[in-house]
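# Residue-level structural notes
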2 protein chains.
Amino acid sequence: MNSPDAFNALCPTRQILDRIADKWTVLLLGLLAGRTMRFNELRRGVDGLSQKVLSQTLKSLERDGLVTRAVYPTVPVTVEYAITDLGRTLAATLEPLRLWAESHMNVIEQARADFDRRQQAAA
Amino acid sequence: MNSPDAFNALCPTRQILDRIADKWTVLLLGLLAGRTMRFNELRRGVDGLSQKVLSQTLKSLERDGLVTRAVYPTVPVTVEYAITDLGRTLAATLEPLRLWAESHMNVIEQARADFDRRQQAAA
DNA sequence: CAGTATCCACGTCGATACTG
DNA sequence: CAGTATCGACGTGGATACTG
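Fair warning: this is a prediction, and the values are worked out from it, not measured in the lab.

Looking now at the interface of chain A and chain B. Taken together, the contacts link 52 residues of chain A with 52 residues of chain B. Taking both partners together, chain A and chain B bury about 4,900 Å²; carbon and sulfur atoms supply 70% of that area. Broken down residue by residue, the surface that chain A buries against chain B is led by Phe7, Arg63 and Arg112 of chain A, which jointly contribute 16%. Taken together, the links from chain A to chain B amount to six salt bridges. Across the pair Asp18 of chain A and Lys23 of chain B runs a salt bridge whose closest N-O atoms are separated by 3.6 Å. Where chain A meets chain B, there are 10 residue pairs in polar contact (both at pLDDT 80 or more). For the side of chain A that touches chain B, the secondary-structure elements that each account for two or more residues are α1 (12-20), α2 (23-34), α4 (51-63) and α5 (85-122) of chain A. Per-element accounting of the side of chain A that touches chain B gives the leading share, 20 residues, to α5 of chain A.

The structure is reproduced here in structure tokens:
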């Protein structure tokens, strides 16, 4: 078969899936879907995200055409990150994922506790 | 604030998001949503996935209550992995993501090429 | 403010070998 | 068949320091 097949490592779809199946992408696009934000704003907005990784992630998001980066020659310099139309369609697809996580976390934590208890009992 | 907030690293939602924002989860649940499968079947089904990582991933999927693991005392032993109802709701949320990747890969590859060309020109 | 550069600790992954 | 155990290579990420 020649149709896109995410299960085949050679398929470009897989590269893209690898790319978007990344927690920072989900969170950053989620923020930028709300409004345009500046670098340190994003940094503060996502807890636990280091400056280095934020920088890397934004660069690849820009490369993929999901966000734009605008530099304003103020002093000090102002940089604004905005989501693109393409990025917005992805953010829309990602949103249900975050909602799923939020609404099912209790069930999953329970499942984990049960599993760990069974493991404990078996050992 | 005490409501679920995926942007806060301390929130359990974040752990779950980290967990499901994983490429193997997406692909494995996608396969198991179709039908119950055996270990080596899954291994063959997902290109580039090593035995070790498959084993780890399945274990954590089981721990989270997303798949079940059934052992049949045949010779040699038969192990079947099946998606749970919970897993099915997640798979359903994940499906649009794969479709998005498949339908937008051309645009993204173009964006990457453009970006790289601009970088090249700037350097 | 918005990064880049460097170093290093860490974990993860693939390859290989072995088991019930 | 369905794993586990071990090892070594590798890359990613955090901390820190510096720059326009």
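From this point, the discussion proceeds with the structure in view.
Right, let's talk about the protein's contact with DNA strand C for a bit. Not every one of the 18 residues close to DNA strand C is listed here, only the nearest: Gln51, Ser55, Arg69 and Tyr81 of chain A together with Lys52 of chain B. Each atom of DNA strand C within 4 Å of the protein was assigned to sugar, phosphate or base; sugar and phosphate come to 61%. Separating a phosphate oxygen of DNA strand C from a side-chain N or O atom of Lys59 of chain A is a distance of 3.1 Å. The side chain of Arg69 of chain A places a nitrogen or oxygen atom 2.7 Å from a phosphate oxygen of DNA strand C. Elements with a minimum of two residues in the surface near DNA strand C: α3 (39-45), α4 and β3 (78-83) of chain A together with α4 (51-63) of chain B. Top element by residues in the surface near DNA strand C is α4 of chain A. It accounts for four residues.

Two elements in contact, α5 of chain A and α4 of chain B, have axes separated by 8 Å at closest approach and are oriented at 110°. As far as their axial angle goes, α4 of chain B and α5 of chain A are roughly perpendicular. Residues Ala111, Arg112, Phe115 and Asp116 of chain A of α5 of chain A touch α4 of chain B, and the partners they reach there are Lys59, Glu62 and Arg63 of chain B. Tallied by class, residues from the contact of α5 of chain A with α4 of chain B come to two nonpolar, no polar and five charged.

Let us now look at the UniProt feature "domain: HTH hxlR-type" (unreviewed entry) in chain A. In the UniProt entry, the feature "domain: HTH hxlR-type" (unreviewed entry) is given for residues 11-109 of chain A. Secondary structure content for residues 11-109 of chain A is 67% helix and 14% strand, and the end C-alpha separation is 35 Å.

It is worth spelling out the pairing of strand β2 (residues 67-72) of chain B at this point. The pairing of β2 of chain B with strand β3 (residues 78-83) of chain B spans six bridges and is classified as antiparallel. In the strand pairing of β3 of chain B, Arg69 of chain B is matched with Tyr81 of chain B.

On to the protein's contact with DNA strand D, then. Near DNA strand D you find 19 residues, and of these Lys52 of chain A together with Gln51, Ser55, Arg69 and Tyr81 of chain B are the closest. Near-protein atoms of DNA strand D (within 4 Å) split between backbone and bases, with sugar and phosphate holding 58%. Here a phosphate oxygen of DNA strand D and a backbone polar atom of Asn40 of chain B are 3.1 Å apart. The side chain of Lys59 of chain B places a nitrogen or oxygen atom 3.0 Å from a phosphate oxygen of DNA strand D. Looking at the surface near DNA strand D, the elements that each hand over two or more residues are α4 of chain A together with α3 (39-45), α4 and β3 of chain B.

Reading the values: the criteria
- Residues numbered from 1 in each chain as written.
- Chains lettered and ligands numbered in written order.
- Predicted model: local features only at pLDDT ≥ 70, side-chain atom pairs only at ≥ 80, totals over all residues.
- Heavy atoms only, no water.
- Contact = heavy atoms within 4.5 Å.
- Buried area = accessible area lost by both parts, 1.4 Å probe.
- Salt bridge = Lys/Arg side-chain N within 4 Å of Asp/Glu carboxyl O.
- Polar contact = N/O pair within 3.5 Å; in protein donor to acceptor, adjacent residues only side chain to side chain.
- Helix = DSSP H or I, 4+ residues; strand = E, 2+ residues; numbered from the N terminus.
- Near = heavy atom within 4 Å.
- Axes fitted to C-alpha atoms, helices over the stretch in contact; angles between N-to-C directions.
- Parallel < 35°, antiparallel > 145°, perpendicular 65-115°, else oblique.
- Nonpolar A, V, L, I, M, F, W, Y, C, P; charged D, E, K, R; others polar.
- UniProt positions renumbered as here; feature names shortened; annotations may be inferred.
- Pairing = 2+ DSSP bridges.

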